[in-house]
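# Coordinates in review
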Amino acid sequence: MSKEKIKKVLNHFPTLYALVKVINNKRNNEFISFVNGYSENPEIIIAHPKKRETYIGKPVCKVIAGTKEDGFFACVRWALDGLYFCDSFGYLPIVKFPNESIYKDISIFADEVNPFEYFFEKTSKEIIYDLDEYPRVEYCNRNIFWAESLNGGISYKVSQDYIDKMSIIMSKYLLFKKDIMDYVNKTNSKLCLNERMLAVHVRGTDYRKNYRNHPIFLEAKDYYNAIDLALDSGKFDKIFLATDDEDILSEFLYNYKDMVVFLENSERKAGAEGVHTSKCVKKTPYYLALDVICDMIALSSCGGIISGMSQVSLVARIYKKSINKTYLYDEVLNKGINKRGAQFETK
């Protein structure tokens, strides 16, 4: 059988055809490197030519930040990763939260509005009407590793280098809208936040279920020793507590009494159901996001921070660095990552 006939047959069996290609190129180091890196090599980029001949600007790259499973600041972290990729390679970034985002709120915004733009300014001044008209780059899962390689891979435990670099990206691209900052400043002004406050972030509710690949749940008592040491340093007079968990709030108020300040009108829940995924909350998705934004900025406004491994406290550290401030005291409590357990998913 001729090579042409063999090729014609193999075209009907793409997996077999791919296997044959690998065998035929087994001594081609460049080919093997490409195949082995297809899933995780962030430098493998899929590009499409422009159709609009008059356009002479940068290639456009659309970043879908997060999934329908992700909380607000998980989406922000994936947005930062995508923006870092675009900034490194010189692409024009467009950031979107997914259409099925848990923060999509058609009770306030029109259905076609990108939920990312409820909260943030556009990441580019270029008005893009039809992506297919522009030279564009596909942002794929493997491209996330361009940023996450700073942490040695995707991890809740991040490096200082990652925080430093993402703070530059945040100050350049991730700008909260004026109405968001007005709301945050008005809400947080009641707390009288200052450098002598110790920020404490405790992630409760659904973290109690110890989902696989999520941090092992830290109880309120797991924080007390670290907090007491920080208070004994003489640097802090008050504790600002950010938590989504009513029971944890009650425990802190019992142990630290009037030393604790918190956002009284934030939505919280008792038990093991996440606020952001619950169907039984008073606030709409937009206002649930505002709650956690207020918490994050309040955390960043304090002089010190103690937290578990969470995206809220991570972004607080990045945000504080982005406004050229640093914590006097910074500790991350870590019991490790759950290797077993149920996989988290929204209902």
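Heads up: these notes are all about the structure in this document. (Residues numbered from 1 in each chain as written. Predicted model: local features only at pLDDT ≥ 70, side-chain atom pairs only at ≥ 80, totals over all residues. Heavy atoms only, no water.)

## Description of the overall build of the protein
For clarity, the cut-off: Per the convention used, a helix needs a DSSP run of H or I reaching at least four residues, while a strand needs a run of E reaching at least two, with both numbered from the N terminus. The classification of residues rests on relative accessible area computed with a 1.4 Å probe and restricted to protein chains. Under 20% of the type maximum is buried, over 50% is exposed, and intermediate values are partly exposed. By definition, residues are in contact when any of their heavy atoms lie within 4.5 Å. Here the Shrake-Rupley method, with its probe set to 1.4 Å, supplies the accessible areas, and only the displayed protein chains count as covering residues. For this count, His and the chain ends are skipped, Lys and Arg are scored as positive, and Asp and Glu as negative. For charged residues, the charge sits on one atom: NZ in Lys, CZ in Arg, CG in Asp, CD in Glu.
Helix and strand counts for the protein stand at 12 helices and nine strands. Judged by the C-alpha coordinates and their principal axes, the protein covers about 85 × 45 × 40 Å. Looking at the protein as a whole, 47% of its 347 residues are labelled buried. In the protein, once contacts between residues fewer than 6 apart in sequence are set aside, the share between residues at least 24 apart is 75%. Put simply, the protein shows about 18600 Å² of open surface, and 52% of that area lies on carbon and sulfur atoms. Of the side chains in the protein, 49 bear a positive and 46 a negative charge, and the two mean positions are spaced by 5 Å.

## Here we look at empty space enclosed by the protein
What counts is decided by this rule: Buriedness of a pocket was judged along seven lines, with at least five required to meet protein on both sides within 12 Å; pockets are open sets of points on a 1 Å grid over the protein atoms alone, cavities are sets where a 1.4 Å probe fits but cannot get out, and lining residues have an atom within 4 Å of a point. Grid points are joined across faces, edges and corners, and a volume is the space filled by probe spheres set on the points. Lys, Arg, Asp and Glu make up the charged group, whereas Ala, Val, Leu, Ile, Met, Phe, Trp, Tyr, Cys and Pro make up the nonpolar group; the residues left over, Gly among them, are polar.
Taken as a whole and judged by the stated rule, the model has one cavity of 30 Å³ or more. Lining the largest cavity we find 14 residues, and of these Y207, I216, L218, G308 and M309 sit closest to its centre. Considered class by class, the residues forming the lining of the largest cavity number eight nonpolar, four polar and two charged.

## Topic: the layout of surface pockets
By volume, the largest pocket amounts to about 1400 Å³. Along its surface, the largest pocket is lined by 50 residues, and D70, G71, A74, W78 and Q311 are the ones closest to its centre. Going through the elements one at a time, β2 (60-64), α4 (72-89), β6 (238-243), α11 (285-300) and α12 (311-322) are the ones with two or more residues in the lining of the largest pocket. Here the lining of the largest pocket takes five residues from α4, the largest share from any one element. The residue makeup of the lining of the largest pocket, split by class, is 23 nonpolar, 15 polar and 12 charged. Approximately 370 Å³ is the volume attributed to the second largest pocket.

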